[in-house]
Amino acid sequence: MPKNNVIDTKSADGYNRDSLSVGEALELILARVSAVAGTERLDLHAALGRVLATDVVSPIDVPAHDNSAMDGYAFRIDDLAAAEETRLRIAGSAYAGHAYAEAVGAGECVRIMTGAVLPAGADAVAMQEAVRVDGDRVVIPPGQQAEQNVRRQGEDLRAGQVALAAGKLLRPADIGLLASLGLGEVMARRRVRVAIFSTGDELCTLGSAAQPGEIYDSNRFTLWSMLARLGCEVLDMGIVRDHPAALETALLDAAATADVIITSGGVSVGEADFVRELMAKLGDVGFWKIAMKPGRPMAFGRIGNADLFGLPGNPVATMVAFYEFVRPALLQISGVAPLAPLPTFAARCGEALRKARGRTEFVRGLLHCTDGAWQVRPTGAQGSGILRSMAEANCFIVLESERGNVAAGDTVTVQPFEGLV
Ligand code: AMP
Ligand code: MG
């Protein structure tokens, strides 16, 4: 049996590669890609956007000591009268970084600032706005509770507990949390190395003037940009002509150096034949027809030790396929776990949309909040070659497979772009 049959159109696993749903295609991809093994120790300044390779165990209790959550007065709750005001003598003060050295005695209180160590004996803090100062006394009204405005040692996190789990994609809050634990370095997965190239005899490189019939290669730049945002190391291999020998050399070079190869163009019917033969010869690659628009044909598989994504050439189709399939795959290859789907939410569609049942459509949309409600409208002409429809959009309007035409005012699913890729 030819090796490419493993993931080509055969359906031993129940999937038909000639008609995959978006969800099935993603399932197949995620079942086949795995995290890079390499790790490296990183200074916190270099860790933003990287993926934790190991659990981070807290070396300390957080907070490290009992302390006050407010500016006010610390006292012993048992010293207060139940139903009337209590006058307590101000015995001293505690500032953040400067503790009150004694214990709080009977009938005493200590002036305390936010974050200051709670003096021994005290078990409550009254905020300063709630009390009245009278010379060296403080008058505290009734109704105070034990433990109020007190943050106890270890209440957020105990020494020895996992503070951040392996697989966490580090965001600013995580970097701050690591610093708060006194940790200046973390073990992260190494970056994923991704080789990209464009295919097509019509493509012109930036820097030379496009001749009649030529177009500028834009896919490498959108791909480079999306990959850079994901924190991948990108190897830009340029434009490869539609010749088997050139493509073979490029694929083998890419497979020798990269974890992932992403190509654009050359996978649509008519063009695919020599690409299919070649990819089948070099590795284990399937050609899929996915019930979606845009982005229907796609190649996926392995060449050597590299995962291969052969994306459709139309610039919008390249981006849609990247968002929906390559991005989650790259996160998994980066070691992110658990993998969360892109967030979606419901919005009111301002315009009617034509929609064929039986495929998922990704319409480029502009999401805006009007009178407190989220509304969306498509960004003009939606041809899969019209990159401007992406540039003007801030979301996809995701029209589910079973859905028919959309009337103005209908609720649709939107998938925002911002902050994702
Ligand atoms: P293909 O998938 O190779 O049949 O290409 C489909 C369409 O996308 C054609 O109109 C190509 O000219 C266009 N296209 C392919 N690759 C690129 C690219 N790198 N940049 C811009 N357009 C492209
Ligand atoms: Mg082409």
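Residues numbered from 1 in each chain as written. Chains lettered and ligands numbered in written order. Predicted model: local features only at pLDDT ≥ 70, side-chain atom pairs only at ≥ 80, totals over all residues. Heavy atoms only, no water.

### Overview of the nonpolar core
Item 1. Judged by nonpolar contacts, the single largest core of 47 residues is most densely connected at Ile262, Met298, Phe309, Phe322 and Leu330.
Item 2. Listing elements by their share of this core, those giving two or more residues are helix H1 (22-32), strand E13 (193-199), helix H3 (219-229), strand E17 (260-264), strand E20 (297-303), strand E21 (306-311), helix H6 (315-334) and strand E25 (395-399).
Item 3. Not counting the four nearest positions on each side in its chain, isoleucine 262 is found in contact with Val194, Ala195, Ile196, Phe197, Leu223, Leu227, Phe309, Leu311, Phe322 and Val326.
Item 4. Formed by 22 residues, the second largest nonpolar core is a distinct cluster that contains Val240, Ile261, Phe287 and Ala306. (Core = buried A, V, L, I, M, F, W, Y, C linked by side-chain atoms within 4.5 Å. Buried < 20%, exposed > 50% of the residue type's maximum accessible area, 1.4 Å probe, protein only. Helix = DSSP H or I, 4+ residues; strand = E, 2+ residues; numbered from the N terminus. Contact = heavy atoms within 4.5 Å.)

### Quick notes on H6
Item 1. Its maximal kink placed at phenylalanine 322, H6 deviates by approximately 45°.
Item 2. Counting buried residues in H6 gives 20 out of 20 residues, a clear majority hidden from the surface.
Item 3. Once H6 finishes, glycine 335 follows within two positions and takes phi at roughly 100°, a positive value. (Bend = angle between axes of the 7 residues up to and from the residue.)

### Describing the sheet that holds strand E7 (residues 124-127)
Item 1. As summarised here, the arrangement of the 6 strands in space is E7-E4-E6-E5-E9-E8, forming an open sheet in which the pairing is mixed. Only two strands of the sheet have a single partner each, and these edge strands are E7 and strand E8 (132-134). Each adjacent strand pair in this sheet contributes to an overall mean axis angle of 40°, direction not counted.
Item 2. Examined bridge by bridge, strand E4 (residues 72-75) and E7 share 4 bridges and lie antiparallel to one another. Following the sheet pairing, glycine 72 is matched in E7 by methionine 127. (Pairing = 2+ DSSP bridges. Axes fitted to C-alpha atoms, helices over the stretch in contact; angles between N-to-C directions.)

### Brief notes about the domain arrangement of the protein chain
Item 1. The domain boundaries assigned to the protein chain delineate domain 1 (9-38 + 190-334), domain 2 (39-62 + 155-189), domain 3 (67-151) and domain 4 (345-416).
Item 2. Between the C-alpha centres of domain 1 and domain 2 the distance comes to 34 Å.
Item 3. Contacts between domain 1 and domain 2 engage 7 residues on the former and 6 residues on the latter.
Item 4. With both chains or domains summed, domain 1 and domain 2 bury close to 570 Å², and 50% of this area falls on carbon and sulfur atoms.
Item 5. Counting every contact that joins domain 1 to domain 2 gives 0 salt bridges.
Item 6. Taken together, domain 1 and domain 2 are joined by 1 residue pair in polar contact (both at pLDDT 80 or more).
Item 7. Of the residues belonging to the side of domain 1 that touches domain 2, the class tally is 3 nonpolar, 2 polar and 2 charged. (Domains from an automatic or database assignment. Buried area = accessible area lost by both parts, 1.4 Å probe. Salt bridge = Lys/Arg side-chain N within 4 Å of Asp/Glu carboxyl O. Polar contact = N/O pair within 3.5 Å; in protein donor to acceptor, adjacent residues only side chain to side chain. Nonpolar A, V, L, I, M, F, W, Y, C, P; charged D, E, K, R; others polar.)

### Observations regarding the packing of aromatic side chains
Item 1. Counted by the stated rule, this structure contains 7 aromatic pairs.
Item 2. Plain terms: the ring middles of phenylalanine 362 and phenylalanine 396 are 5.7 Å apart, the flat faces sit at 70° to each other, and that makes the pair edge-to-face. Of the two residues, phenylalanine 362 is situated in strand E23 (residues 360-370) and phenylalanine 396 in strand E25; the sequence distance between them amounts to 34 residues.
Item 3. On the accessibility criterion, phenylalanine 362 (2% relative accessible area) is buried.
Item 4. Relative accessible area serves as the criterion here: at 0%, phenylalanine 396 is assigned to the buried category.
Item 5. Between phenylalanine 396 and phenylalanine 417, the aromatic rings sit 4.8 Å apart at their centres with planes inclined by 80°, giving edge-to-face as the arrangement. Within this pair, whereas phenylalanine 396 is found in strand E25, its partner phenylalanine 417 is found in the segment after strand E26 (411-416), the two being separated by 21 residues in sequence. In this pair, the class of phenylalanine 396 matches that of phenylalanine 417, namely buried. (Phe/Tyr/Trp six-rings, centres within 6.5 Å; stacked < 30°, edge-to-face > 60°.)

### Section: a nonpolar patch on the surface
Item 1. Together, Leu206, Tyr216 and Phe221 make up a nonpolar patch on the protein surface, roughly 300 Å² of accessible area in all.
Item 2. Inspection of the secondary structure puts leucine 206 in the loop between strand E14 (203-204) and strand E15 (215-216). (Patch = residues over 30% accessible without salt bridge, like charges linked within 9 Å, V, L, I, M, F, W, Y side chains within 5 Å. Areas by Shrake-Rupley, 256 points an atom, 1.4 Å probe, with all protein chains shown as cover.)

### A look at unusual backbone geometry
Item 1. With an omega of -10°, the peptide bond between valine 62 and proline 63 qualifies as cis.
Item 2. For proline 63, the position within the fold is in the loop between strand E2 (56-57) and strand E3 (67-68).
Item 3. The backbone phi angle of glutamate 147 is positive, close to 75°, even though this residue is not glycine.
Item 4. Assignment of secondary structure puts glutamate 147 in the loop between strand E9 (137-140) and strand E10 (150-151).
Item 5. One non-glycine residue, aspartate 371, lies in positive phi territory at about 50°.
Item 6. Structurally, the position occupied by aspartate 371 is in the loop between E23 and strand E24 (373-378).

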